[in-house]
Amino acid sequence: LGPNFQGGIITNLTTASVLSGNYSVSGVLNLGDGINGNLQMLSGSTVNWSGGSLSSNSYVAAGAVLNWSSGSLVGPLTIAANGAMNLSGGGTKSVQNALTNGGTITFSGSNELYVYNNGAAYRGVIYNLAGGLFDITADRNVNCGCYGSELFYNAGVLRKSGGNGISSIGIPVT
């Protein structure tokens, strides 16, 4: 991508650079250093996110898959009904804004998920909506940044379906 590429529709792309601008993904995007702009994943698309941050509004449509192995969710992310997000790999993953799930989040891998909310710069919260599934398939934990405002709001299904040990959620669950 040249320096003047500032958004549009991505059908297939691998990049280790930060993308600036607003994007719709209709194919496969291998994202190594985040997006500074809005990201809309269309049905049938796959984004493999392995570093950097998603800094603005992001949306995973029904039939789309977001594979998150490392990075920081700085802007809000919404997963539609029948959309999916896989938390995997060994990289650090931090939720610093609203993560709203109406589809399926599968949490595996070899590292924890951290939620940060100080009511100012960090506004991390997880909303698992009615019809949403947050499935912990390994012995992994949801940890707090411990500012006191972190929250896991569950109106859907929160379950641990894998691993032989214990998983913990270190933030209030309502």
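The structure contained in this document is the topic of the report that follows. (Residues numbered from 1 in each chain as written. Predicted model: local features only at pLDDT ≥ 70, side-chain atom pairs only at ≥ 80, totals over all residues. Heavy atoms only, no water.)

## Overview of the overall build of the protein chain
Under the convention used in this document: Think of it this way: any DSSP run of H or I at least four residues long counts as a helix, any run of E at least two long counts as a strand, and we number them from the N terminus. It is over C-alpha atoms that the radius of gyration is taken, and the globule rule equals 2.2 Å times the number of residues to the power 0.38. Here the term buried applies to any residue with accessible area under 20% of the maximum for its type, exposed to any over 50%, and partly exposed to those in between, with areas from a 1.4 Å probe on protein chains only. Only the protein chains shown count as cover for residues, and the accessible areas themselves come from Shrake-Rupley with a 1.4 Å probe. Just so you know, the count uses Lys and Arg for positive and Asp and Glu for negative, and it drops His and the chain ends. A single reference atom marks each charge: NZ on Lys, CZ on Arg, CG on Asp, CD on Glu.
A tally of regular secondary structure across the protein chain gives 0 helices and 19 strands. The C-alpha atoms of the protein chain give a radius of gyration of 15 Å, which matches the 16 Å a tight globule of 174 residues would have. Dimensions along the principal axes, computed over C-alpha positions, put the protein chain at roughly 45 × 30 × 30 Å. Buried positions account for 43% of the 174 residues belonging to the protein chain. Summed over its atoms, the accessible surface of the protein chain is roughly 7,300 Å², and 49% of this surface lies on carbon and sulfur atoms. The centroid of the 5 positive side-chain charges in the protein chain is displaced by 4 Å from the centroid of its 5 negative side-chain charges.

## What about the nonpolar core?
Here is the rule: To define a nonpolar core, start from buried Ala, Val, Leu, Ile, Met, Phe, Trp, Tyr and Cys residues and group those joined through side-chain atoms within 4.5 Å.
Formed by 35 residues in total, the largest nonpolar core has its most connected members in Leu29, Met85, Leu99 and Leu113. Per-element tally for this core: the top contributor is strand β3 (residues 22-31), with 4 residues.

## Looking at the side chain of Thr15
We count it as follows: Distance and chemistry together define a polar contact, namely a pair of N or O atoms within 3.5 Å, with one atom able to donate a hydrogen and the other to accept it when in protein, and with adjacent residues in sequence counting only for side-chain atoms on both sides.
Along the chain, Thr15 falls in strand β1 (residues 7-15). Looking at Thr15, the relative accessible area reads 12%, which means it is buried. A polar contact of 3.0 Å, which involves the side chain of Thr15, links it to the backbone nitrogen of Ser17.

## Here's the deal with the state of the cysteines
Test applied: Our working definition of a disulfide is a cysteine sulfur pair at a distance within 2.5 Å.
Counted by the stated rule, this structure contains 1 disulfide. Paired through a disulfide, Cys144 and Cys146 show a sulfur-sulfur distance of 1.9 Å. Disulfide Cys144-Cys146: torsion about the S-S bond near 50°, hence right-handed. The class for Cys146 is exposed, based on a relative accessible area of 55%.

## Some points on the packing of aromatic side chains
How we decide: To pair, rings of Phe, Tyr and Trp, with the six-membered ring standing in for Trp, must have centres within 6.5 Å; the planes then decide the type, stacked if under 30 degrees apart, edge-to-face if over 60, and tilted in the middle.
A full pass over the atoms with the stated rule returns 6 aromatic pairs. Relative to Tyr122, the ring of Tyr116 lies with its centre 5.6 Å away and its plane at 45°, an arrangement referred to as tilted. In this structure Tyr116 comes out as partly exposed when scored by relative accessible area, which is 24%. Arranged with centres 5.2 Å apart and planes meeting at 85°, the rings of Phe134 and Phe152 form a pair that is edge-to-face. Of this pair, Phe134 sits in strand β16 (residues 133-136) while Phe152 sits in strand β18 (residues 152-154), and the two are 18 residues apart along the sequence. Exposure class is identical for Phe134 and Phe152. Each is buried. A network of ring pairs unites the aromatic residues Phe107, Phe134 and Phe152 as a single cluster.

## With respect to unusual backbone geometry
Here the phi dihedral of Asn82 falls at roughly 70°; this positive angle occurs in a residue that is not glycine. Along the chain, the position of Asn82 falls in the loop between β9 (77-79) and β10 (84-87). For Asn82, a relative accessible area of 68% gives the class exposed.

## A short note on the pattern of salt bridges
Side chains that differ in sign of charge can pair as their charged atoms come close. For clarity, the cut-off: The rule for a salt bridge is simple: a side-chain nitrogen of Lys or Arg has to be within 4 Å of a carboxyl oxygen of Asp or Glu.
Using the criterion set out here, one finds 3 salt bridges in the structure. Here Glu112 ties to Arg140 by a salt bridge, and the two come within 2.9 Å at their closest N and O atoms. Of this pair, Glu112 sits in the loop between β13 (104-107) and β14 (113-115) while Arg140 sits in the loop between β16 and β17 (142-144), and the two are 28 residues apart along the sequence. The exposure class of Glu112 is buried, given its relative accessible area of 13%. Asp135 is the salt-bridge partner of Arg159, the closest N and O atoms lying 3.2 Å from each other. Of this pair, Arg159 sits in strand β19 (residues 157-160) while Asp135 sits in strand β16, placing them 24 residues apart in sequence. Its relative accessible area of 7% is what places Asp135 among the buried residues.

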